[in-house]
Amino acid sequence: MAVEVLTTADGRAKAALSRRHAATWQAARTEGRMPPVGRATPPARPARPARPELLDPRDVPRRRPGNQQGRIAMLHAVAHIELNAVDLHWDIVARFADTPMPPGFYDDWVKSADEESKHFNLICDCLEEMGSHYGALPAHAGMWRAAEDTADDLMGRLAVVPMMLEARGLDVTPGMIDIFARAGETRAVEAMEVIYAEEVHHVSYGSKWFHFLCGRHDLDPKDVFHDLVRRYFHGALKPPFNEEKRAEAGLPPDFYWPLAERPTTQD
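The paragraphs below set out a description of the structure included in this document.

Here we come to the pattern of salt bridges. Under the counting rule described, the total for this entry stands at 25 salt bridges. In this structure, R12 engages E128 in a salt bridge whose closest nitrogen and oxygen atoms are separated by 3.2 Å. Of this pair, R12 sits in helix α2 (residues 11-30) while E128 sits in helix α4 (residues 103-129), and the two are 116 residues apart along the sequence. Classification of R12 by relative accessible area gives partly exposed; the value is 31%. One salt bridge connects R58 with D56, and the closest N-O pair in it is separated by 2.9 Å. Through salt bridges with shared partners, a single network forms among R12, D125, E128, E129 and R187.

See the structure below:
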């Protein structure tokens, strides 16, 4: 099921298939059954539609939210992030199936993939209401780099994707909600509020299973997290941080503040 999603190119079709497979899994679990976790080889990169054009991050036009075109560009970027998140959550199921994990590990990532699929659809609906669509603008080509860098390291994947990249979403989403609220974009506000509430769970799943693996191997979670982020994370981590939501998701300040770029001060 995971590999079938990963090898589906069209965004809406990928999201629909993802939701269908998640419903199949969740129905079995509700009935008290644990579907067998098989083995399948995920692609190095997931299938993607012909559009959007993928550009180096430096070449993606800057988004200025003061007008509708800028807000469309912002939503387009969010849709691109959500589509990549669908694939990231199915990829962790398929790529690391050789690592023995409790049933709850699969429950969490299937649920996350289902929610990311819903988020993609919500944002696509907003774009279409505003006269655009996913694929109408260029997008960030580097979104899959974290998956490629951690393709052989489950703890690295958990550290970088949910505990770093998705945690960053908790920091920036309130400001985005405020932008759309000031513009009177009610549907976008409602979609972003759903995303904001559910992303906390995805970060918490990353933290939970990261700590689980550290316990299994008798490792100090904070030290291992810092080592893995310094090895695999290729971006700047800058405050301000949404410390309340990060804590709710199981990320205490001593995990991320030591990794942050401190703002420079001037005399």
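Moving on from the coordinates now.
With 31 residues, helix α7 (residues 186-216) extends 46 Å from end C-alpha to end C-alpha; this agrees with the ideal 45 Å at 1.5 Å per step. Along α7, the sharpest change in direction is near 25° and occurs at E198. Positive backbone phi, approximately 55°, marks D218, located one or two places after α7.

With that settled, consider unusual backbone geometry. Going from R51 to P52, the amide bond is cis rather than trans, its omega being 15°. Along the chain, P52 turns up in the loop between α2 and β1 (54-55). Residue P240 is bonded to the preceding P239 through a cis peptide linkage, with omega at 10°. With respect to the helices and strands, P240 occurs in the loop between α8 (221-232) and α9 (243-248). Positioned with a positive phi, D218 is a non-glycine residue whose angle comes to about 55°. Examined against the element boundaries, D218 turns out to sit in the loop between α7 and α8.

This paragraph deals with α4. Note on helix geometry: an α-helix contains 3.6 residues per turn, so any two residues three or four positions apart are oriented the same way. For α4, which comprises 27 residues, the first-to-last C-alpha distance of 40 Å matches the rise-based estimate of 39 Å (1.5 Å per residue) to within 8%. In the stretch just after α4, G131 is the one whose phi turns positive, near 85°.

Across all of its chains, the model carries eleven aromatic pairs by this definition. The interplanar angle of 85° and the centroid separation of 6.0 Å between the aromatic rings of W109 and Y205 together place this pair among those described as edge-to-face. Of the two residues, W109 is situated in helix α4 and Y205 in helix α7; the sequence distance between them amounts to 96 residues. Taken individually, W109 and Y205 each receive the classification buried, so the pair is uniform in this respect. Consider the rings of F225 and F255, whose centres lie 5.2 Å apart with planes at 40°: the pair is tilted. Linking F225 in helix α8 with F255 in helix α10 (residues 253-256), this pair joins segments that are 30 residues apart in sequence. In terms of burial, F225 and F255 fall into one category: buried. Here a set of aromatic residues connected by ring pairs shows up, and it is made of W25, F105, Y106, W109, Y205, W209 and F212. Here K245 stacks its cationic end above the ring of Y196, 5.6 Å away from the centre of that ring. Above the face of the Y256 ring, R246 is positioned so that its terminal group lies 4.4 Å from the ring centre.

Basis of the calculations
Residues numbered from 1 in each chain as written. Predicted model: local features only at pLDDT ≥ 70, side-chain atom pairs only at ≥ 80, totals over all residues. Heavy atoms only, no water. Salt bridge = Lys/Arg side-chain N within 4 Å of Asp/Glu carboxyl O. Helix = DSSP H or I, 4+ residues; strand = E, 2+ residues; numbered from the N terminus. Buried < 20%, exposed > 50% of the residue type's maximum accessible area, 1.4 Å probe, protein only. Expected span 1.5 Å × (residues − 1). Bend = angle between axes of the 7 residues up to and from the residue. Phe/Tyr/Trp six-rings, centres within 6.5 Å; stacked < 30°, edge-to-face > 60°. Lys NZ or Arg CZ within 6 Å of the ring centre and 35° of its normal.

Bear in mind that shape data such as this cannot, by itself, settle questions of function.
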